[in-house]
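# Per-entry structural report
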Amino acid sequence: ASDDGRTDARADAAESADQPAAETPVRDEPVLIMTSGAHRVDTDFTAAAIGARRLKRAKPEQVLAATGQVVGGVAPAGHPAPLRTFIDRDLRMHEKLWAGGGTIEAMVPLTYSELVDLTGGQEIDVEQK
C-alpha cells in the first residue's frame, strides 16, 4: 500500500472460468485498492477475493495512464475511465479518512461510507484474518 492509503494495482483476470487454464485468455486490468498506508495488502489473498489469477503493484506510468494522476495523489474518483475499485473493510474503524485529491499536494477528508458511496467500490478484506 502506498503512504496515501491506496494500492494501485493491475489484475490478471481470467475471462471465463469455464475454459481450461491453458486456454483461458488473460486480461491485464487496472484496479484500485483502497487501504490504510499502515496496512499491507496480501496480494494472493486479495487476488482470490476479487476473482483475479494474480495481482501486482502497478508501475507509476501505469497508474498515470489509468487514473490521469500520479502515485501519491490518486483520488478515489474522477479517472478518465471507470476503475474496478475495492475498499479494505478495515478502514471502517477510522472516523475520518484522508484520500488523495488528484495531486500529491491535495488530500480530501471523508468517512468510510462516503468513500464507498463516491467510488461504488466493493468492500473486501485485503488480508486473511
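See above for the structure.
Everything in this summary refers to the structure shown in the same document. (Residues numbered from 1 in each chain as written. Predicted model: local features only at pLDDT ≥ 70, side-chain atom pairs only at ≥ 80, totals over all residues. Heavy atoms only, no water.)

### Description of the overall build of the chain
The number of helices and strands found in the chain is three helices and seven strands. Moving toward the C terminus, one meets the helices and strands of the chain in the order β-β-α-β-α-β-β-β-α-β. The 129 residues of the chain split such that 42% are buried. Considering only contacts within the chain whose residues lie at least 6 apart along the sequence, 65% involve residues at least 24 apart. Working note: accessible area of the chain is about 7100 Å², and carbon and sulfur atoms make up 51% of it. (Helix = DSSP H or I, 4+ residues; strand = E, 2+ residues; numbered from the N terminus. Buried < 20%, exposed > 50% of the residue type's maximum accessible area, 1.4 Å probe, protein only. Contact = heavy atoms within 4.5 Å. Areas by Shrake-Rupley, 256 points an atom, 1.4 Å probe, with all protein chains shown as cover.)

### Side note on the environment of M93
Here M93 shows up in the loop between strand 4 (84-88) and strand 5 (97-100). Measuring from C-alpha to C-alpha, the distance between M93 and Y112 comes to 8.5 Å, with 19 residues separating the pair along the chain.

### Thoughts on helix 2 (residues 60-67)
Looking only at helix 2, the buried set comprises V63, A66 and T67. The buried side chains of helix 2 occupy one side of the element, clustering within an arc of 80° when seen end-on. Residues E61 and A65 are exposed on helix 2 and point more than 90 degrees away from its buried face. At the exit of helix 2 stands G68, carrying a positive phi of roughly 80°. (Arc of directions from axis to C-beta.)

Any functional reading would require information that these geometric values do not contain.
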